[in-house]
2 protein chains.
Amino acid sequence: VPLTRTELKHIQTLLSKKGRKQKKMFPAEGVRLLEESIRFEFLPQMILYVESAMSSRAIHLVSEFARRGVRTIDISARQLDNLTETKTPQGIVGIFDVPSRTLSELYTDRTRRILLCEGVADPGNLGTLVRSALAFGFDLVVATGHSADLFAPKVVRASAGSVFGIPIVSGEVAEFVDFAAENRVALLAADPRGAVRVESLASEISGHCTALAIGSEPDGLSDLLLEHASARVRIAHSSQVESLNAAVAGSILMNEIYNLDNKDSHEK
Amino acid sequence: VPLTRTELKHIQTLLSKKGRKQKKMFPAEGVRLLEESIRFEFLPQMILYVESAMSSRAIHLVSEFARRGVRTIDISARQLDNLTETKTPQGIVGIFDVPSRTLSELYTDRTRRILLCEGVADPGNLGTLVRSALAFGFDLVVATGHSADLFAPKVVRASAGSVFGIPIVSGEVAEFVDFAAENRVALLAADPRGAVRVESLASEISGHCTALAIGSEPDGLSDLLLEHASARVRIAHSSQVESLNAAVAGSILMNEIYNLDNKDSHEK
């Protein structure tokens, strides 16, 4: 079944935040991202492709989606142009449902490591943090305040497909603080002026559910979050710079937590 | 003295790589970046500003530059528009000379930590790596291959002004490999498939000049560099992701080296 003009228009609106919010769908372009969606079994509603513009790897990918029951539709290069943001699309785009599960639905008694992004407005930083969260064994990513839209094309790209591999949800910081208190989730606040290093918290966080909160530049975390934090953790660095990039700081702290969590296996 | 039309045209070309290469100058916009240029005593040739568009902080900054003998020129909002990339410039831009010192001029017997960016084409990643290099006590940044232009506006912005605080130079990877061999600089290659963790190299790198090499995504480091590396270092992470973002990976490894270099002071 070819794509109707109305469908095409709907899909076009997914490049805007408003369109994604209304339709509860998001696009993801390119071979690598879509391969990740298969690897993580996060399948799209449909795959749109331009056969003449595709590599053999992309052609193989389309047949993989078809084999899994995904609707695959051959469109024109001109139609694709209207659906994508990048200058050199690889002839393939997937249309996905925005996950609808809420924080309390995603949280279980096995949840141990949560990344809270508070007002991380730069989509590159937000996507990079999602990628690092998956890399460092985190279970869940929550984005609050003025954080970028979790399913914006730039976030999805910067995540290198990790948005398909780890549950992510947006919400309000006050809600999250209440949620953390109710569920005895310890809040670690990343703070350049913090007093504590992650390594000194080994016994406190071992086996306990802990949320690491990363703020935006240059404002950092909200007062509300800082008040409820059980510790303010810092990264040791030279005084030559005031602070690190938000994605770098969050990734270093997640890496330190991962190293504590896997200490025994390292030493073997 | 007001700006001549010819001067304005010349400055406009600095938004392109070609223009920066020809004129050996680069622009840096905004209050924060320019405050960093004062802090690091890396002064511009001239400051262009739009008095009506400036905050009191920016006005103070202009007088600080004037006090240091920098030529400061009031221009029109329309003129500024042609000189800047951002949508909301803060009414102030500095025009700087590209540093001209070469690798062998910058290298001294006190140089201990070098960051080599091999083909880091994303300007946000390159700038973030420069920022982390300064934060983690590195002495020098070298960018080779298809790395982004070290003084492109996006690199300068992503560095948060760190380009003013640490010597940075571009070159060819083959040159650098020769240079490292001649000067007995150990090459550590960041490699997701590497066998070694930084912590196990403590005695090898302690006090010795070491260059940490970071490659681009998805290709990684060149064969030439890998052949000459004394070790391939990896970051422990879950197998859920193939690799980390290049700026994150480089920053984590620099952080680990920094922690080794400052181990005694931590333990106090």
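Our structure is the block above this text.
Residues numbered from 1 in each chain as written. Chains lettered and ligands numbered in written order. Predicted model: local features only at pLDDT ≥ 70, side-chain atom pairs only at ≥ 80, totals over all residues. Heavy atoms only, no water.

> Could you clarify how one ought to interpret the side chain of B:E64 in this entry?
Residue and element names in this part refer to chain B. Structurally, the position occupied by E64 is in helix α4 (residues 56-67). A relative accessible area of 17% places E64 in the buried class. At 2.7 Å, the side chain of E64 and the side chain of R68 are in polar contact. (Helix = DSSP H or I, 4+ residues; strand = E, 2+ residues; numbered from the N terminus. Buried < 20%, exposed > 50% of the residue type's maximum accessible area, 1.4 Å probe, protein only. Polar contact = N/O pair within 3.5 Å; in protein donor to acceptor, adjacent residues only side chain to side chain.)

> Teacher, can you tell me more about the packing of helix α3 (residues 31-39) of chain B against α4(B) here?
Describing two packed helices takes the angle between their axes plus the distance from one axis to the other. Residues and elements named next belong to chain B. For the pair α3 and α4, the least separation of the axes is 11 Å and the interaxial angle reads 30 degrees. By the angle between their directions, the pair α3 and α4 is classed as roughly parallel. Considering the relative orientation of α3 and α4, their crossing is left-handed. Counting all contacts with α3, which are made through V31, R32, L34, E35, S37 and I38, the residues of α4 involved are R57, A58, L61, E64 and F65. Per-class residue counts for the contact of α3 with α4 are 6 nonpolar, 1 polar and 4 charged. (Axes fitted to C-alpha atoms, helices over the stretch in contact; angles between N-to-C directions. Parallel < 35°, antiparallel > 145°, perpendicular 65-115°, else oblique. Left-handed = near helix turned anticlockwise from the far one by under 90°. Contact = heavy atoms within 4.5 Å. Nonpolar A, V, L, I, M, F, W, Y, C, P; charged D, E, K, R; others polar.)

> Help me understand the nonpolar core, please; the structure alone is not making it clear to me.
Burial of nonpolar side chains together is a common tendency in soluble globular proteins. Among the nonpolar cores identified, the biggest contains 126 residues, and A:L115, A:L212, B:L115 and B:L212 are the most heavily contacted of them. Residues in contact with A:L212, not counting those within four places in the same chain, are A:I114, A:L115, A:L116, A:F138, A:L188, A:V233, A:G250, A:L253, A:M254 and A:I257. (Core = buried A, V, L, I, M, F, W, Y, C linked by side-chain atoms within 4.5 Å.)

> When you look at the packing of aromatic side chains in this model, what are you seeing that I'm missing?
Describing an aromatic ring pair means giving the distance of the ring centres and the angle of the ring planes. Using the criterion set out here, one finds 20 aromatic pairs over all chains in the structure. Centroid distance A:F26 to A:F151: 4.6 Å. Interplanar angle 35 degrees. Geometry classified as tilted. Linking A:F26 in strand β1 (residues 25-29) with A:F151 in the loop between β6 (140-144) and α8 (153-158), this pair joins segments that are 125 residues apart in sequence. With respect to burial, A:F26 and A:F151 carry one shared label: buried. Geometrically, the ring pair formed by B:F96 and B:F164 is tilted, given 4.7 Å between the ring centres and 40 degrees between the ring planes. Within this pair, whereas B:F96 is found in strand β4 (residues 92-97), its partner B:F164 is found in the loop between α8 (153-158) and β7 (168-171), the two being separated by 68 residues in sequence. Joined through ring pairs, the aromatic side chains of A:F26, A:F42, A:F96, A:F151 and A:F164 make up one cluster. (Phe/Tyr/Trp six-rings, centres within 6.5 Å; stacked < 30°, edge-to-face > 60°.)

> I keep staring at the interface of chain A and chain B and nothing clicks. Help me out?
The accessible area lost on association of the parts is a frequent measure of interface size. With 34 residues of chain A at the interface, the matching set in chain B holds 34 residues. Taken over both partners, the interface formed by chain A and chain B buries close to 2,600 Å², and the fraction arising from carbon and sulfur atoms is 51%. For the pair chain A and chain B, the number of links is 0 salt bridges. In this structure, the connection of chain A to chain B is made through 10 residue pairs in polar contact (both at pLDDT 80 or more). Among the elements of the structure, α3 (31-39), α7 (123-135) and α12 (246-261) of chain A are those that each provide at least two residues to the side of chain A that touches chain B. Among the residues forming the side of chain A that touches chain B, the class breakdown is 13 nonpolar, 15 polar and 6 charged. (Buried area = accessible area lost by both parts, 1.4 Å probe. Salt bridge = Lys/Arg side-chain N within 4 Å of Asp/Glu carboxyl O.)

> Just checking my understanding: could you explain the sheet that holds β1(A) for this structure?
Hydrogen bonds between backbone groups are what pair the strands of a sheet, and the pairing can be parallel or antiparallel. Residues and elements named next belong to chain A. Taken in spatial order, the 4 strands make up an open sheet running β1-β4-β2-β3, and their pairing is mixed. The sheet terminates laterally at β1 and β3 (71-74), the two strands that pair on one side only. If you compare each strand with its neighbour and ignore which way they point, the axes differ by 20 degrees on average. Bridge count for strand β2 (residues 46-49) against β3 is 4 bridges, and the pairing is parallel. Looking across to β3, one finds that Y49 is bridged to D74. Relative to strand β4 (residues 92-97), α3 is tilted by about 40 degrees, and along the sheet it contacts β1, β2 and β4. (Pairing = 2+ DSSP bridges.)

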